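Chain by chain, the residues run as shown.
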Amino acid sequence: MEHEESEKGNLSTLISTAKGYIDTRVDLFRLNLAKNATDNFSSLITSLVAIVLFLIALLFLSIGAALWLGTYFERMEYGFFAIGGLYVFTGIIFFMLKKVLIKDPISESLMKKMLK
C-alpha cells in the first residue's frame, strides 16, 4: 500500500516536472520567435530607409548627369536618352542575372537571420 502511494507521488511529481519543462520550452520558443521577428523587422526597416535614400541620391545624380550630357551633346534630350539607355541596359543585365545577384544572396541572408 505504502509502495503504491509512493509510486503515485513519484508519478505526479514526474508529470508536474514534465509539464513545467514543456511550459518553459514553449515560453522560450515564443521569446525566441519574438526576438527573431523584431530583429528581422528592424533590419527590414533599416534596409528600406537606406534604399530610399540611395534612390533619392541616384535620382539627383541621374538628373545631373543627364543635364551635363545634354550640354555636351548640345541637345538636352540626348542626355536624358543616354541616361535612360544606361538604366535600360543595367535593368536587362540585372534581369538576366537576378538569381545570382539578387535572389540567392537575399535568400541566404534571410536564412542566416532566421536560424541564428
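What you see is a predicted model; the values in this text were computed from it and never measured.

## A few points about the overall build of the protein
Right, on to step 1. The helix and strand tally for the protein stands at three helices and zero strands.
Right, on to step 2. Walking the protein from its N terminus toward its C terminus, one meets helices and strands in the order α-α-α.
Right, on to step 3. Its C-alpha radius of gyration of 30 Å places the protein more than 25% over the 13 Å reference for a compact globule of 116 residues.
Right, on to step 4. Burial analysis of the protein (116 residues in total) assigns 6% to the buried set.
Right, on to step 5. When the accessible surface of the protein is totalled, it reaches about 10,200 Å², and 74% of it is carbon and sulfur.

## Here we look at unusual backbone geometry
Generally, phi is negative for residues other than glycine and the peptide bonds are trans, each holding for most cases.
Right, on to step 1. Phi at Glu-74 is positive, roughly 65 degrees, even though this residue is not glycine.
Right, on to step 2. With respect to the secondary-structure elements, Glu-74 resides in the loop between α1 (2–73) and α2 (76–96).
Right, on to step 3. Using a relative accessible area of 71% as the deciding quantity, one classes Glu-74 as exposed.

## With respect to the confidence of the model for the protein
Right, on to step 1. Mean pLDDT over the protein stands at 88; residues scoring 70 or higher make up 94%.
Right, on to step 2. Ranking the elements of the protein by mean pLDDT puts helix α3 (residues 98–115) last with 81 and α2 first with 95.

## Side note on the environment of Ile-102
Right, on to step 1. Secondary-structure assignment places Ile-102 in helix α3.
Right, on to step 2. Taking the C-alpha atoms as reference, Ile-102 lies 36 Å from Asp-27; in sequence the two are 75 residues apart.
Right, on to step 3. Excluding anything up to four places from it in sequence, Ile-102 contacts Phe-94 and Leu-97.

## What about the pattern of salt bridges?
Right, on to step 1. In the structure shown here, the tally under the stated rule is three salt bridges.
Right, on to step 2. Between Glu-77 and Arg-75 there is a salt bridge whose closest N-O contact spans 2.5 Å.
Right, on to step 3. On the accessibility criterion, Arg-75 (41% relative accessible area) is partly exposed.

## Concerning the side chain of Ser-62
Right, on to step 1. With respect to the helices and strands, Ser-62 occurs in helix α1.
Right, on to step 2. Judged by relative accessible area, which is 13%, Ser-62 ranks as buried.
Right, on to step 3. Setting aside residues no more than four positions away along its own chain, Ser-62 makes contact with Ile-83 and Tyr-87.

## Focus on the environment of Ala-66
Right, on to step 1. Secondary-structure assignment places Ala-66 in helix α1.
Right, on to step 2. Judged by its relative accessible area of 1%, Ala-66 falls in the buried class.
Right, on to step 3. Sequence separation between Ala-66 and Ser-107 is 41 residues; the distance between their C-alpha atoms is 35 Å.
Right, on to step 4. Other than its neighbours up to four places away in sequence, Ala-66 contacts Met-76, Gly-79, Phe-80 and Ile-83.

The rules behind these values
Residues numbered from 1 in each chain as written. Predicted model: local features only at pLDDT ≥ 70, side-chain atom pairs only at ≥ 80, totals over all residues. Heavy atoms only, no water. Helix = DSSP H or I, 4+ residues; strand = E, 2+ residues; numbered from the N terminus. Rg over C-alpha atoms; globule rule 2.2 N^0.38 Å. Buried < 20%, exposed > 50% of the residue type's maximum accessible area, 1.4 Å probe, protein only. Areas by Shrake-Rupley, 256 points an atom, 1.4 Å probe, with all protein chains shown as cover. pLDDT = per-residue confidence, 0-100. Contact = heavy atoms within 4.5 Å. Salt bridge = Lys/Arg side-chain N within 4 Å of Asp/Glu carboxyl O.

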